Amino acid sequence: MHGSAPDIADRVPAIANPIASIRSAALMLEFMGYVEPAARIYDAVDDAIRAGKVTPDLGGKLSTDEVTDAVLRKL
């Protein structure tokens, strides 16, 4: 993941895509030996994407918080 997205920094509601951050956390857990929790996070993100629960950059209409909530509900 990269960039600070200054072009969308002041948007309300926030529309920055949280998926890279969430997957990075899962990758860290996997590296630390927590393979099963990491797999659950990967699956939850994949389910949210398949269900179209995404931010505008991926063709969706949800905010950052709504995408995060969708992933959390899948967990």
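Conventions adopted
The numbering scheme is per chain: residues are counted from 1 as the chain's sequence reads. Where local features are concerned, this predicted model is filtered to residues with pLDDT of at least 70; where side-chain atom pairs are given and counted, the filter is 80 or more; whole-chain, interface and lining totals use all residues. Computation of side-chain values covers all heavy atoms of the structure but excludes hydrogens and water. In this text, helices come from DSSP runs of H or I with a minimum length of four residues, and strands from runs of E with a minimum of two, each type numbered from the N-terminal end. Exposure categories follow from relative accessible area, calculated using a 1.4 Å probe and restricted to protein chains: below 20% of the type maximum is buried, above 50% is exposed, and the middle band is partly exposed. Contacts were defined at the residue level, with two residues in contact if any of their heavy atoms lie within 4.5 Å. Using the Shrake-Rupley algorithm and a 1.4 Å probe, accessible areas are obtained, with residue cover drawn only from the displayed protein chains. Asp and Glu count as negative and Lys and Arg as positive, but His and the ends of the chain are not part of the count. Lys charges are placed at NZ, Arg charges at CZ, Asp charges at CG and Glu charges at CD. Throughout this description, the term salt bridge denotes a Lys or Arg side-chain nitrogen within 4 Å of a carboxyl oxygen of Asp or Glu. For this analysis, a nonpolar core means a set of buried residues of the types Ala, Val, Leu, Ile, Met, Phe, Trp, Tyr and Cys, connected via side-chain atoms within 4.5 Å.

A closer look at the overall build of the protein
Across its full length, the protein holds three helices and zero strands. When each of the 75 residues of the protein is scored for burial, the buried share is 25%. Taking as baseline every contact in the protein between residues at least 6 positions apart, the subset at least 24 positions apart corresponds to 49%. Summed over its atoms, the accessible surface of the protein is roughly 5200 Å², and 57% of this surface lies on carbon and sulfur atoms. Counting 8 positive and 11 negative side-chain charges, the protein places the centres of these two groups 7 Å from one another.

Looking at the pattern of salt bridges
Overall, the coordinates contain two salt bridges when judged by the stated rule. Residues Asp46 and Arg23 are paired through a salt bridge, measuring 2.3 Å at the closest nitrogen-oxygen approach. Remark: Arg23 occurs in helix H1 (residues 19–31) and Asp46 occurs in helix H2 (residues 35–50); sequence separation between them is 23 residues. Under the relative-accessibility criterion, Asp46 is labelled partly exposed at 25%. Judged by its relative accessible area of 27%, Arg23 falls in the partly exposed class.

Here we look at the nonpolar core
By size, the foremost hydrophobic cluster in this structure holds 13 residues, and its most contacted members are Ile19, Ile22, Ala26, Ile41, Val45 and Val71. Those elements that place two or more of their residues in this core are H1, H2 and helix H3 (64–74). Among the elements that take part in this core, H2 stands out by supplying six residues, more than any other. Ignoring sequence-local partners within four residues, the contact set of Val71 consists of Ile22, Ala44, Val45 and Ala48.

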